[in-house]
Amino acid sequence: MQPTRPSAAAGFRRRLAHAWRALRTGLAFAVFGALGLFLGLVLFPLERRFASDADGSERRCQRRVSGIFRLFSFVLRGLGLAEIRIRGAERLRAPGTLAVANHPTLLDVVLIGAQMPQVDCVVKKQAWSNPFMRHVVRARDAVRGALDT
């Protein structure tokens, strides 16, 4: 007995679903890049120009990055790309909290940063030269990673 092959219609639906997911993923990356550019080229320069004190300006910039990260999380959920459930988020907002991503991808940092209004991060050196991310990591007062591969 030979195994049955999927019909041509099933193969087409699978390819269409894959293409639709790729399109949504591309849209999410475009949104992330646009938000990074907006922060770095518009919002942060305005904040620093009109700030009355540097420390307060830095804290406000960090809160804005957290807000943008929360917005991006909403975009991921809205596009059906991620199911995000945060348990214990209030512990991330406690002063002096140390959070370590156990699978350090960009998304982990975004989701943790969305919950922490003020955070110091160790960031891969590639993020410091990425035109879409460099202003964000600078505003988050990130530390350049020394052990990048």
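Rules used in this analysis
- Residues numbered from 1 in each chain as written.
- Predicted model: local features only at pLDDT ≥ 70, side-chain atom pairs only at ≥ 80, totals over all residues.
- Heavy atoms only, no water.
- Helix = DSSP H or I, 4+ residues; strand = E, 2+ residues; numbered from the N terminus.
- Buried < 20%, exposed > 50% of the residue type's maximum accessible area, 1.4 Å probe, protein only.
- Contact = heavy atoms within 4.5 Å.
- Areas by Shrake-Rupley, 256 points an atom, 1.4 Å probe, with all protein chains shown as cover.
- Axes fitted to C-alpha atoms, helices over the stretch in contact; angles between N-to-C directions.
- Parallel < 35°, antiparallel > 145°, perpendicular 65-115°, else oblique.
- Left-handed = near helix turned anticlockwise from the far one by under 90°.
- Nonpolar A, V, L, I, M, F, W, Y, C, P; charged D, E, K, R; others polar.
- Patch = residues over 30% accessible without salt bridge, like charges linked within 9 Å, V, L, I, M, F, W, Y side chains within 5 Å.
- Salt bridge = Lys/Arg side-chain N within 4 Å of Asp/Glu carboxyl O.

(A) Local environment of the overall build of the protein chain. Secondary structure assignment for the protein chain yields 6 helices and 2 strands. For the protein chain, the proportion of its 149 residues judged to be buried stands at 32%. Restricting to contacts in the protein chain with at least 6 residues of sequence separation, those with at least 24 account for 58%. A total of about 10500 Å² of accessible surface is found on the protein chain, and carbon and sulfur atoms cover 61% of it.

(B) Layout of the packing of helix 2 (residues 54-78) against helix 4 (residues 106-115). With their axes 8 Å apart at the nearest point, helix 2 and helix 4 run at an angle of 120° to one another. Judged on the interaxial angle alone, helix 4 and helix 2 are oblique. Crossing handedness for the pair helix 2 and helix 4: left-handed. Taken together, the residues of helix 4 that come into contact with helix 2 (itself represented by S66, F69, R70, F72, S73 and L76) are L107, V109, V110, L111, G113 and A114. Looking at the contact of helix 2 with helix 4 residue by residue, the classes come out as 8 nonpolar, 3 polar and 1 charged.

(C) Structural view of a nonpolar patch on the surface. A cluster of nonpolar side chains, namely F38, L41, V42, L46 and F50, defines an oily patch on the protein surface of about 510 Å² accessible area. The residue V42 is located in helix 1 (residues 8-50) in this model. Take V42: its relative accessible area is 37%, and that puts it in the partly exposed class.

(D) The pattern of salt bridges, seen in detail. Applying the stated rule across the entire model yields 3 salt bridges. Across the pair R85 and E83 runs a salt bridge whose closest N-O atoms are separated by 3.0 Å. E83 shares its class with R85; the two are exposed. The network of salt bridges with common partners includes E47, R60 and R64.

Purely geometric numbers; function is a separate question.
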